[in-house]
Amino acid sequence: MATPIKEWSKLEVRAVVRFLFSKGTKPSEIHKQIAETYGEGAMSRSRVYQWCTWFGEGRPSLGDEPKSGRPKTSTNEENTTRVDELIRCDRRMKIHEIALKLEIPKSTVHEIVHDTLGYRKVSARWVPKMLTEDHKLQRVEISQSLLQRCQQDNGDEDTTHIGVGPGRDFQANNNLFDNLITGDETWVHLNTPETKRDSMTWKHPSSPVTKKFKVQRSAAKVMATVFWDAKGVILLEILPQGQCINAARYCSTLDRLKEAIRRKRPGLLRRGVVLQHDNATPHSANLTQQWLQRYG
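About the thresholds
Counting of residues starts from 1 at the beginning of each chain's written sequence and follows it residue by residue. Only residues with pLDDT of at least 70 get local features here, since the model is predicted, and only at 80 or more are side-chain atom pairs given and counted; chain-wide, interface and lining totals rely on the full set of residues. Hydrogens and water molecules were not included; the side-chain quantities draw on all heavy atoms of the structure. Each helix corresponds to a stretch of at least 4 residues labelled H or I by DSSP, and each strand to a stretch of at least 2 residues labelled E; elements are numbered beginning at the N terminus. Remark: exposure states derive from per-residue accessible area (1.4 Å probe, protein chains only) relative to the maximum for the residue type, with buried under 20%, exposed over 50%, and partly exposed in between. When checking whether two residues touch, look at their non-hydrogen atoms; a contact exists if any pair is within 4.5 Å. To measure how exposed things are, a 1.4 Å probe is used in the Shrake-Rupley method; for residues, cover is taken only from the protein chains shown. What makes a patch is a set of residues exposed beyond 30% relative accessible area and free of salt bridges, joined within 9 Å when like-charged and within 5 Å when nonpolar (Val, Leu, Ile, Met, Phe, Trp, Tyr). Just to be clear on terms, a salt bridge is a Lys or Arg side-chain nitrogen sitting within 4 Å of an Asp or Glu carboxyl oxygen. Think of a nonpolar core as a cluster: buried Ala, Val, Leu, Ile, Met, Phe, Trp, Tyr and Cys residues, connected wherever their side-chain atoms sit within 4.5 Å. Structural elements are reduced to axes, namely lines fitted to C-alpha atoms, with helices fitted over the stretch in contact, and the angle between N-to-C directions of any two is expressed from 0 to 180 degrees. Here is the rule for angles: anything less than 35 degrees is roughly parallel, anything more than 145 is roughly antiparallel, 65 through 115 is roughly perpendicular, and the remaining ranges are oblique.

**Student:** Which residues make up the overall build of the protein chain, and what values do they have?
**Tutor:** Tallying secondary structure elements over the protein chain gives twelve helices and six strands in all. A burial count over the protein chain gives 26% of its 296 residues as buried. Across the protein chain, the fraction of contacts at a sequence separation of at least 24, relative to all contacts at a separation of at least 6, is 57%. Accessible surface, the protein chain as shown: approximately 22000 Å² in total, 52% of it carbon and sulfur.

Here's what the structure looks like:
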């Protein structure tokens with residue numbers, strides 16, 4: 001039995017069809033021999049009949065005939081300039097709107113926009129909050145203050161103490177990050193399903209296909225408050241469902257944080273704690289500021 005030919009070209013197969021057809025072989029027999037020699041995907045049965053018909057009509061060429069089509073008269077410099085002007089005037093204008101306004105085909109507009117002008121339509125970047133210049137300046141000042149404090153805390157022991165509150169001194173020869181505690185709040189859903197990526201498993205090609213049903217996160221959620229330092233979590237507090245944080249509750253949480261520091265970080269309260277949290281309303285309320293001043 002002959003070994004099938006694995007590497008072949010379309011012109012080669014068509015030449016074989018022409019040779020066998022000129023020898024008087026029937027198209028059905030030609031297709032059978034082509035499939036046995038080159039494989040089933042070399043040329044379909046209907047295609048063999050089509051080429052036999054063309055060869056019978058006297059076609060000499062084995063290549064594809066040039067495709068007829070409408071010449072590209074719309075893609076010119078004038079239309080390119082007009083499309084560019086419209087886009088610069090309205091960056092949200094759609095392809096069909098440009099085509100309707102300039103009275104040229106949408107396919108031409110698409111080619112001009114993407115291929116000639118190189119435009120790509122993208123969505124606006126989502127940011128959680130629009131910051132004013134004062135907000136940005138305040139962030140820079142706070143960052144510079146923390147950097148300066150970190151440099152001072154790692155400096156010489158000549159600068160022994162830096163005051164951080166009533167009755168408290170911060171030791172300058174201690175690392176700032178050893179005394180820094182960060183806190184924040186976040187909403188936690190009662191049921192958070194694993195993602196599709198998390199459910200990926202190793203399998204062989206013969207292993208059965210695993211299925212995963214799409215599950216939404218639960219609408220019910222609770223607020224969690226967490227405080228941590230360089231060594232790990234110090235306090236995690238979850239409010240009852242339906243309740244959120246306010247100044248009075250936040251002060252109660254700070255009381256429990258102080259006790260947790262005393263248990264988990266012995267000596268840290270004596271050295272001085274640097275509490276870092278954002279300027280949310282419960283954090284910046286007068287009641288909270290009074291608590292912070294009272295305990296330094």
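Further notes follow.
**Student:** Outline a nonpolar patch on the surface, listing residues and values.
**Tutor:** Residues Trp228, Val233, Leu236 and Ile238 make up a contiguous nonpolar surface patch of about 390 Å² in total accessible area. Counting residues per element, the nonpolar patch draws most heavily on strand S5 (residues 232-238), which supplies three residues. Tracing the backbone through its elements, the reader meets leucine 236 in strand S5.

**Student:** Report on the nonpolar core, specifying residues and quantitative values.
**Tutor:** Core analysis: the largest hydrophobic core is formed by 16 residues, its most contacted members being Ile181, Phe227, Ile234, Leu254, Leu257 and Ile261. Of all the secondary structure elements, the ones that give two or more residues to this core are strand S4 (221-229), S5, helix H9 (247-264) and helix H10 (268-271). Here this core takes six residues from H9, the largest share from any one element. If near-sequence neighbours (up to four positions away) are discounted, phenylalanine 227 is found in contact with Ile181, Thr182, Gly183, Val233, Ile234, Leu235, Tyr250, Thr253, Leu254, Leu257 and Leu275.

**Student:** Talk me through the packing of helix H4 (residues 77-89) against helix H6 (residues 106-116); I want residue IDs and the actual numbers.
**Tutor:** Packing of H4 against H6 leaves a shortest axis separation of 10 Å and a crossing angle of 80°. The orientation of H4 relative to H6 falls into the category roughly perpendicular. Contacts between H4 and H6 involve Asn79, Thr80, Val83 and Ile87 on the former and, on the latter, Ile112, Val113 and Thr116.

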